[in-house]
Amino acid sequence: MQLKDLFNQWALFTAGRYRSNQWLLSKWDTLDGLPVSEEKISALFAHIDGALDLKSRRRILDAGCGGGWMAERLGSSDRQCVGVDISFEMLRNSEHKNSKIVCADLCALPFQPEVFDAVLCYFVFINFLNPAEIKRAVDELLRVTEPGGRILIGQLPDKHRSEGYDAAKEEYRRFCNERFPHLRETRDQHPIPIQLYERGFWTSLLDERDCTYSIRDSFNPFFRPGQPSTVDWRFDMVIQKADR
């Protein structure tokens, strides 16, 4: 089944229950009703800002935006943000007062070249299984980014550090079950494929393109007070498109 269909089915299954908690809608967490603290969200956006330098950006693309909650936070009176996602049903959960939403495939973006000065693509390639589609999507992100613009591709699972993820996930599950024992587990409902990556796959891919890049630790998806804000079992690619 195609990724579009999987996320469409998941969004329909939730019947709008997660519109106000899109961390769950995006399957970034697994307990139905689990509150997401403003501290966690602020830490995530501080991490994104550190990579994209948001204050200097005026046109941002949120590529793979799901229900659009990050695009909504990134948009403002002096900064336009456009969210794009392949799942129409996910987009039906969006409330976009500060952003615009488009249903489209990352491998064929419906935008003119060089129209965005920053691109956010977070928790997206974690679900891509086809290397050819990954390369086409990266080429599209570069195509719509203006010269000198920046792209953040984040939450890429490190193939060689999956044991660290498994341990952190189990610790987080215990933490949640102790504090929220009444909440229902959603992990096994409409499972979504996960891709593990060699870091060399990404460096080889980007070495062939007109850009520079750096590799950074990802934001900790299990972040909570007393825990680090970044983890090394997932990684981010921060890409700078070459100036003319």
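See above for the structure.
In this text the structure is predicted, and so the values were computed from the model without any measurement. (Residues numbered from 1 in each chain as written. Predicted model: local features only at pLDDT ≥ 70, side-chain atom pairs only at ≥ 80, totals over all residues. Heavy atoms only, no water.)

K.L.:
Would you explain the nonpolar core in this entry?
P.N.:
For soluble globular proteins, nonpolar side chains are generally found buried alongside one another. Core analysis: the largest hydrophobic core is formed by 32 residues, its most contacted members being Leu-61, Phe-125, Val-138, Leu-141, Ile-153 and Trp-202. When contributions to this core are tallied by element, the ones reaching two or more residues are strand S2 (59-63), strand S3 (80-85), strand S5 (116-122), helix H6 (131-144), strand S6 (145-157), helix H8 (199-207) and strand S9 (230-241). If one sorts the elements of this core by residue count, H6 sits on top with 6 residues. What Val-138 contacts, discounting residues up to four positions off in sequence, is Phe-125, Ile-153, Trp-202, Leu-205, Leu-206 and Arg-209. (Core = buried A, V, L, I, M, F, W, Y, C linked by side-chain atoms within 4.5 Å. Buried < 20%, exposed > 50% of the residue type's maximum accessible area, 1.4 Å probe, protein only. Helix = DSSP H or I, 4+ residues; strand = E, 2+ residues; numbered from the N terminus. Contact = heavy atoms within 4.5 Å.)

K.L.:
Looking at this structure, how should I read helix H1 (residues 3-14)?
P.N.:
Residues spaced three or four apart along an α-helix point in a common direction, a consequence of the helix completing one turn every 3.6 residues. For H1, built from 12 residues, the straight-helix expectation of 16 Å at 1.5 Å per residue is met to within 8% by its first-to-last C-alpha distance of 17 Å. Taken together, the buried positions of H1 are Leu-6, Phe-7, Asn-8, Trp-10, Ala-11 and Thr-14. Taken together, the buried residues of H1 touch helix H2 (22-25) and helix H5 (88-91). Immediately downstream of H1, the backbone of Ala-15 shows phi near 50°, a positive value. (Expected span 1.5 Å × (residues − 1).)

K.L.:
How should I be thinking about the packing of aromatic side chains in this particular structure?
P.N.:
By convention here, two paired aromatic rings are described through the distance between centres and the angle between planes. Enumeration over the complete set of coordinates arrives at 15 aromatic pairs. With a centroid separation of 5.9 Å and 80° between ring planes, the pair formed by Phe-45 and Trp-69 is classed as edge-to-face. Placement of the pair is Phe-45 in helix H3 (residues 38-52) and Trp-69 in helix H4 (residues 69-74), with a sequence separation of 24 residues. Taking relative accessible area as the criterion, Phe-45 reaches 13% and is therefore assigned buried. Taken together, a centroid distance of 5.6 Å and an interplanar angle of 70° make the contact between Tyr-197 and Trp-202 edge-to-face. You can call Trp-202 buried: its relative accessible area is 0%. Through a chain of ring-to-ring contacts, the aromatic side chains of Phe-125, Phe-128, Tyr-197, Phe-201 and Trp-202 assemble into a single cluster. Above the face of the Phe-175 ring, Arg-224 is positioned so that its terminal group lies 4.7 Å from the ring centre. (Phe/Tyr/Trp six-rings, centres within 6.5 Å; stacked < 30°, edge-to-face > 60°. Lys NZ or Arg CZ within 6 Å of the ring centre and 35° of its normal.)

Just distances and angles here, no functional claims.
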